[in-house]
Amino acid sequence: MQSQLEAVSIIQALVAGGKGLAPSAAPWLNERRALALERANALRLPSIRDEEWRFTDISMMGRVPFQLPVPHSVIPDISAYVLPEAQWRLVFVDGIFNVGLSSLGAPVKGLSISNLGDAIQNTPQLVVGHLAQHAHYENRLFCAINTAWLRQGAFIHLAKEVIIKDPIHILYINTQAHATVNVRSLVVLERAAQCTVVEDFVGLGEEATFTNAVSEFAVASSARLHHVRVQRETPAALHIAACAVSIEQDGVYQSQSIALGASVSRYELEVLQKGPGVEVVIDGLALIKERQLADTHTLMDHAYGSGQCRQLHKTIVDGRAHAVFNGKVLVREGAQLTQSAQQSRNLLLSSDARVDTKPQLEIFADDVKCAHGATVGQLDQDHLFYLKSRGLSEARARNLLTYAFGAEIVARIPVRSLAAQLERAVMTQAQTTL
Amino acid sequence: MINSGAKVILEIRGLTASVAGVSILKGIDLTVRAGEVHAIMGPNGSGKSTLAKVLAGHPAYEVTGGTVLFEGKDLLALASEVRAQAGLFLGFQYPVEIPGVTNSAFLRLAYNTVQSGRGKEELDPLEFDDHVRETMKLLEMSPEFLDRSVNDGFSGGEKKRNEILQMALLEPHLAILDETDSGLDIDALRVVASGVNHLITPDNACVLVTHYQRLLNYITPDYVHVMESGRIIKTADKSLALELEARGYDWLLNEKLDS
Amino acid sequence: MSTSTIEQLVNQPYKHGFVTDIESDTAAKGLSEQTIRFISAKKAEPDWLLQFRLKAYQHWLTLTAPEWPNVNYPAIDFQNISYYSAPKQKKTLKSMDEVDPELLKTFEKLGVPMNERAALAGVAVDVIFDSVSVATTYKQKLADVGIIFCSISEAVREHPELVKKYMGSVVPVKDNFYAALNSAVFTDGSFCFIPKGVKCPMELSTYFRINTQDSGQFERTLIIAEERASVSYLEGCTAPKFDTNQLHAAVVELVALDYADIKYSTVQNWYAGDEKGVGGIYNFVTKRGLCKGVHSRISWTQVETGSAITWKYPSCVLRGDHSVGEFYSVALTNHKQQADTGTKMIHIGKNTRSTIVSKGISAGGSNNSYRGLVRIAPTASGARNYSQCDSMLIGQQCSANTFPYIEVRNPTSQVEHEATTSKIGEDQLFYFQQRGIGAEEAVSMIINGFCKDVFQQLPMEFAVEATKLLGLKLEGSVG
């Protein structure tokens, strides 16, 4: 109870901090921030008594003396995280944009990549229609706080028909113990534009940090966005993130989201279909051990017909770790010819590991093809037997199958160097298997 | 096989039809006699599949004009199941999947309903089982198909074979095969085509609706019709199909524009 | 043509609507400690049972009605319900001949010629009319093998030690809002005890009916199967047509000891309200079975077609090692019906197994939700669950939802859940019609194919009844 009170006081401090921020030069932004502040004031801190937070205990907020980061000039070594494929890189150290570490590449016509703060000032016409317009904060405390704090973040804009082949890397790196960081990404693809965006949340060291991240992706008609999200915060961190994706007619959104770090992490992904004929692929992998908790909530909202969505969410849970998945597929009235399938696959590696999964279908249209499935369990006995019959030891066979289970998701990441790094992480965890 | 003295099975005059208020068929005339094989070809969206569905009585299509006589009867006045019982068969381009209903139960019900509709004797499950297994050999189908749900999880080729199996069982007077060749590999195409050839007699007739000439290498049509924008714009013998294969449809459309 | 055909098919009026005119001994409306003492006194109950009721009532006062189900209805005024209603009994009945002829007529209208049916089919029917048992057949034959099959009231009088030992042991008085209410005010229900080693020689069957207007129904059923005993129990329901909603909050408890086997089947066709959603039964039931012994097995099969609102999760607590829980369900909703139904499989013992097969059919403007929990406790090594939840939609105003909750705490367990949706629409019907099969037969064939996995679980007589019931609801008026 005490920690709950402490947590509330941290929230209050955050709200007050948001209030205390200097107003920006853009009145529309001040207005949105004020509205979000109002909601942040009104909303209660979620607890395990709330259905949506039933398994995700964030009371550590009250036990760790989280505070706003102190300004400093230490330049962290990011070499381990640099992606050679990415000529564009936006780096945020403890939530603050770092020009020196960033790489803005050669200018390309129709491509804008910058700190969000700069974009608000220099090209507000590209921002105003999207910022805080996709991620709804009315009933989400953390999103409301993030919106109230809106100052910096990653901004990517592709004008119509602009196609960027190389990945664009957004690196959020936390270096300070107990720092509370609000970060935001805004990615806007105009008609028929295409790109790949990597959002990378990194924590250096072992100390607890608190990241409150909100991402907004607007995919216009016939545009294609590939979104890779990696969460590798410190083992003691608290990571709460929301991502809102809006897709217009015939747009395509593909994503792989990998959760490796943090003591407690929560990722809420909401994909809204804003026109007919979109294509969505959502893949997830949570690789957790010790006392980690990884919670993924997804909502695929088929508000229009003829949409296709395929989801595959995997977890590999070792030690006393706890994986939570809650995926909702909503097919609204009139959204005929929707095809939506969702799979939740979970692998428990230890006797104290735990999984709670809740794949949900809510269907209000009759001419649709929807399916979901969930499995929790061990490795397939037939597969194990097959490998053993070919001479592999039990342990080797298990390692191999565990690795293959996770690698299936990682292999879909289109950035080779990143996929290789993550494959090694899967390999390491797989080898701890009995 | 053309025999101008043979009895007329299907006679279409000035048929027009629309779907959701959009006019698709704009005046079709076609006569099919016993023993004949007709191919209806044409680019996508020309109305070929619509013609097939209208003849079978699909509820989504509204007939707005014209007449269709089927063995002398007013076809358009009949409910779709009565058309089937009278001997009109549609092989579907996309056969629907019906989970839970076994193929054997479905085939027997269809067979017996059509039999009794023709005043013929129904078969009990054992007799029917013998009959259907015999027929399946013709299409090189494994008997395990009988225990599976109707079309559920069937490959494209399996679905099309299942359609031809139904054609064989129901012994139609007129079979309309809508894009039966689509999605088939060459072996499946050969099996399906030989099944159809086997079923064609001097007393019945067959209309093949197809986009490509490929099927016509195996089933020889007596007439080839080309549809465009809801009308039959050209009728000729089999050589027209080869010409279409070589030249595409555009020259015909241009020819039509010129004339 | 076919859209209207589908509409016709699903718009079949309720055939069992009428009110039987029998004098009732009805308690004044309202609920207080006084009401509970009145019920208990009326039934001349022992003090321990009165205390059981009062404890439940005190707890109920602290609760509020659950809001999490995916159903909407106006708040129920629990003070506007009469909690006791018994047909006047002139004397104790020894045979069917002594049963009120009005009562028998009611059953005839329902198509349940009880004495004939019971004799011919070998079914013992413990008839529940409103809340009090008035006739029990085949009692002697069952008594010969040591089976007790009687009303709960009689069991309280004749076998208090059994009732006291098991009642509330599976569904505690504090379990949930409606179970607490039932525990406080239940009037009657069935009691069944199968002693060690006995296989019940016949299907046991109870017909429930709600009769008096505005009388809440609070049945209580308790079935105990001792070591190596087995029983199949059938529950069938129809109800007269009323315009005001009627609350039904039953509690069913099953206990299976080592190697025991209980099969509980329900066909439910209570009045569902009219096309506009006026009237109909509120069916808020707590059904739970405890697989207490090793290798025990509890199987629930239900065909739910009636009630305005259904809120029901027949569950299994698999405590005994190697015990087995099963749930087979068909839920059909039409017009404005709302159903939130499913099951809970709680795996505690080692190598426990459970199977869930749920088929939801939504038509008209109805709302059909599957909600199911599979929980694997840390102790449940080697546990297995397989769930299959399929939905079928007919028309564009209805909805189908699937909410599975899977909670796993043991790495040696295996849990699998699959769900699909399909439809009966124009193209499906056209395919059948093009093969010469009419729409009505096509719908019947598709529905029966869809529900086959569940119907196979029903006892023979019930399978026929269930097929007819779905037929009644979905066909019959093809023009």
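Residues numbered from 1 in each chain as written. Chains lettered and ligands numbered in written order. Predicted model: local features only at pLDDT ≥ 70, side-chain atom pairs only at ≥ 80, totals over all residues. Heavy atoms only, no water.

**Student:** Looking at this model, I keep getting lost on the packing of helix α2 (residues 27-42) of chain A against helix α6 (residues 141-148) of chain A. Mind explaining?
**Tutor:** Pairs of packed helices are described in terms of their axes, by the angle between the two and the distance that separates them. All names here are of chain A. Packing of α2 against α6 leaves a shortest axis separation of 8 Å and a crossing angle of 145 degrees. α2 and α6 meet at a crossing whose hand is left-handed. Between α2, through Arg32, Arg33, Ala36, Leu37, Arg39 and Ala40, and α6, the contact on the second element is made entirely by Leu141, Ala144, Ile145, Thr147 and Ala148. Tallied by class, the residues present in the contact of α2 with α6 amount to seven nonpolar, one polar and three charged. (Axes fitted to C-alpha atoms, helices over the stretch in contact; angles between N-to-C directions. Helix = DSSP H or I, 4+ residues; strand = E, 2+ residues; numbered from the N terminus. Left-handed = near helix turned anticlockwise from the far one by under 90°. Contact = heavy atoms within 4.5 Å. Nonpolar A, V, L, I, M, F, W, Y, C, P; charged D, E, K, R; others polar.)

**Student:** It is not clear to me how the confidence of the model for chain B should be interpreted in this structure. Could you clarify?
**Tutor:** Segments scoring low in pLDDT should not have their predicted coordinates read at a detailed level. In the predicted model, chain B carries a mean pLDDT of 89, and 98% of its residues have values of at least 70. Of the two predicted TM-score estimates for the complex, the pTM is 0.80 and the ipTM is 0.85. (pLDDT = per-residue confidence, 0-100.)

**Student:** Even after reading the chapter, I still don't get the interface of chain C and chain B, so can you show me in this structure?
**Tutor:** Interfaces are often sized by the accessible area lost when the parts come together. If you look at the interface, chain C gives 20 residues, while chain B gives 33 residues. For the chain C and chain B pair, buried surface summed over both sides reaches about 2200 Å², with 67% attributable to carbon and sulfur atoms. For the chain C face of the interface with chain B, the top three residues by lost area are Phe430, Tyr431 and Arg435 of chain C, together amounting to 36%. Linking chain C to chain B there are one salt bridge. The salt bridge partner of Glu163 of chain B is Arg435 of chain C, with a shortest N-O separation of 2.6 Å. On the surface where chain C and chain B come into contact, there are eleven residue pairs in polar contact (both at pLDDT 80 or more). Counting only elements with at least two residues in the side of chain C that touches chain B, the list comes to α10 (426-434) and α11 (439-455) of chain C. Sort the elements by how many residues they give to the side of chain C that touches chain B and α10 of chain C lands first, with eight residues. Residues of the side of chain C that touches chain B, tallied by class, amount to eight nonpolar, seven polar and five charged. (Buried area = accessible area lost by both parts, 1.4 Å probe. Salt bridge = Lys/Arg side-chain N within 4 Å of Asp/Glu carboxyl O. Polar contact = N/O pair within 3.5 Å; in protein donor to acceptor, adjacent residues only side chain to side chain.)

**Student:** Honestly, empty space enclosed by the protein in this entry has me stumped. Any pointers?
**Tutor:** A probe matching the size of a water molecule, rolled over the atoms, marks out where space remains unfilled. All names here are of chain A. Applying the stated criterion to the full structure yields ten cavities of 30 Å³ or more. In this structure, the largest cavity encloses a volume near 200 Å³. Elements with a minimum of two residues in the lining of the largest cavity: β9 (224-232), β11 (252-259), β12 (264-273), β13 (279-288), β14 (293-302), β15 (308-317) and β16 (322-331). Of the residues belonging to the lining of the largest cavity, the class tally is ten nonpolar, nine polar and four charged. (1 Å grid on protein atoms, 1.4 Å probe; cavity = no way out; pocket = protein on both sides within 12 Å on 5 of 7 lines; lining within 4 Å. Points joined across faces, edges and corners; volume = space filled by probe spheres on them.)

**Student:** I would appreciate a short explanation of the sheet that holds strand β9 (residues 174-178) of chain B in the present structure.
**Tutor:** Strand pairing within a sheet occurs via backbone hydrogen bonds; the two strands may be parallel or antiparallel. All names here are of chain B. Pairing is mixed across the open sheet formed by six strands, whose spatial order is β6-β9-β10-β3-β11-β12. Each edge of the open sheet is held by one strand with a lone partner, namely β6 (88-91) and β12 (231-236). Sheet twist, expressed as the average angle between the axes of neighbouring strands with direction ignored, equals 20 degrees. Judged from the four bridges that link them, β6 and β9 form a sheet pairing that is parallel. (Pairing = 2+ DSSP bridges.)

**Student:** Help me understand a negative patch on the surface, please; the structure alone is not making it clear to me.
**Tutor:** Where like charges cluster on the molecular surface, the negative patch consists of Glu121, Glu122, Asp124, Glu127 and Asp130 of chain B. By the element assignment, Glu127 of chain B lies in helix α4 (residues 125-138). (Patch = residues over 30% accessible without salt bridge, like charges linked within 9 Å, V, L, I, M, F, W, Y side chains within 5 Å. Areas by Shrake-Rupley, 256 points an atom, 1.4 Å probe, with all protein chains shown as cover. Lys, Arg positive; Asp, Glu negative; His and termini not counted. Charge placed at Lys NZ, Arg CZ, Asp CG, Glu CD.)

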